[in-house]
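Each chain, written out:
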Amino acid sequence: MCILYERKWQPKNGVWRGEKPPQRIEVESKILRRELLAENTYLLEFAVGADLAAELGKTGAFVFLRLPEDPQYFHFPVGVMKVGGAAVQVVVEAVGPKSCRLLESAAGEILVRGPYFNGVLGQPWIDNITCGTIFLIAGGMGQPPALPIAARLAANNNRVTALLAPGKIGRIFIDRDLEDLGVTVHKVESLRRKGTDLLAAWLADGETRPDLVVSAGPDEQHHGVIAAMQAAGVNVPMAATNNATLCCGEGICGSCERETSDDRRIRLCKVQTDFSQLLP
Ligand SMILES: Cc1cc2nc3c(=O)[nH]c(=O)nc-3n(C[C@H](O)[C@H](O)[C@H](O)COP(=O)(O)OP(=O)(O)OC[C@H]3O[C@@H](n4cnc5c(N)ncnc54)[C@H](O)[C@@H]3O)c2cc1C
Ligand code: FES
């Protein structure tokens, strides 16, 4: 089934989504809101043009951010959490030179490059499912991409149950937004400990078996969710956030290349796949 899905998901003419190659716009913007969510983790809001904002509402959308005075190789991918009119919200965790530099800048001027779309592996499953039962597992920095995923699923009349954990950043911050979308929210201190047991119980219950599972968080979490599904004998699609190391984002540099279980090498900034097909 996965091979079939992959064949369907890939663009027929080597172009991703649509007949024309997408035009990347790089716009100057200013940070309009900056809120400390957790240690070293900030919600940022900035404005972009109407066309770019509309594109950034799509599932798995992300942008590259950098400071205007920095060279292009300082840009880094950041997933879109919310779009409201022209305002875009993202959450950035300071983990290394690029994210720290952006967050430490006092001026608040930024360059926003986008739209990019491959932030979720299995995104067509999310876009196409209607009236289904979905388990959404989100830990730490998996929360920002989990919110637009949940919004998309809720818009298509799916029943979404979310399992949230604070992860390394130490805070759950999307619970209210999810509840406003009609999602049933369960919070645990740790996915590794209590979360795994809870997920195993949900998966074992024949009445609540899901049609789709979504894991938003680090690859380690994705592997834990796959293991729980295998242990419960649940064989349904699993979509997962894309944690590849991206450099160009255009399918050119090769920094995001991974090998698959059927001996292909794919560039994760561009190519859709089933996460479980990626070799470690
Ligand atoms: C599609 C996509 C969407 C993303 N969305 C976001 C987002 O919304 N917000 C955000 O803050 N980041 C996001 N990232 C991750 C971000 O782009 C990287 O963390 C980026 O490398 C940061 O650059 P840096 O120079 O600050 O750190 P780097 O020098 O690249 O990393 C510094 C150190 O931190 C480690 N590290 C990098 N990322 C993480 C991480 N996520 N968790 C733990 N350790 C890490 C690295 O292994 C390295 O040791 C996303 C990545 C992808 C591929
Ligand atoms: S990031 Fe350059 S090929 Fe994917």
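What you are looking at is a predicted structure, and each value in this text was computed from that prediction instead of being measured.

Take the domain arrangement of the chain next. One can read the domain layout of the chain as domain 1 (23–116) and domain 2 (120–241). Taking only C-alpha atoms, the centre of domain 1 and the centre of domain 2 are 25 Å apart. Counting residues at the interface gives 13 residues for domain 1, matched by 15 residues for domain 2. For the side of domain 1 that touches domain 2, the elements supplying multiple residues, two or more each, are strand 1 (25–38) and strand 6 (87–93). Per-element accounting of the side of domain 1 that touches domain 2 gives the leading share, 3 residues, to strand 6.

It is worth spelling out unusual backbone geometry at this point. Of note, the bond from Gly114 into Pro115 is cis; its omega dihedral lies within 30 degrees of zero at 5°. Mapped onto the elements of the fold, Pro115 is located in strand 7 (residues 109–116). Positioned with a positive phi, Asn157 is a non-glycine residue whose angle comes to about 60°. Along the chain, Asn157 turns up in the loop between helix 5 (143–155) and strand 10 (159–165). The exposure class of Asn157 is exposed, given the 11 C-beta atoms found within 10 Å. In this model, Asp263 sits at a positive phi of 65°, which is unusual for a non-glycine residue. Locating Asp263 in the fold gives a position in the loop between strand 14 (257–259) and strand 15 (265–267). Judged by local crowding, Asp263 falls into the exposed class, with 7 C-beta atoms found within 10 Å.

A word on the sheet that holds strand 1. The 7 strands are arranged 4-3-7-1-2-6-5 in an open sheet whose pairing can be described as antiparallel. Of all the strands in the sheet, the pair left with one neighbour each is strand 4 (76–79) and strand 5 (82–84). If you compare each strand with its neighbour and ignore which way they point, the axes differ by 40° on average. Two strands pair when backbone bridges link them, and strand 1 and strand 2 (residues 41–47) are joined in this way by 6 bridges, in the antiparallel orientation. Paired with Leu36 across the strands is Tyr42, a residue of strand 2. Relative to the sheet, helix 3 (residues 97–104) contacts strand 2, strand 3 (62–66), strand 4, strand 6 and strand 7, its axis offset from that of strand 6 by approximately 125°.

Procedures and definitions
- Residues numbered from 1 in each chain as written.
- Chains lettered and ligands numbered in written order.
- Predicted model: local features only at pLDDT ≥ 70, side-chain atom pairs only at ≥ 80, totals over all residues.
- Domains from an automatic or database assignment.
- Contact = placed C-beta atoms within 7 Å.
- Helix = DSSP H or I, 4+ residues; strand = E, 2+ residues; numbered from the N terminus.
- Buried ≥ 20, exposed ≤ 12 C-beta atoms within 10 Å, placed from the backbone.
- Pairing = 2+ DSSP bridges.
- Axes fitted to C-alpha atoms, helices over the stretch in contact; angles between N-to-C directions.

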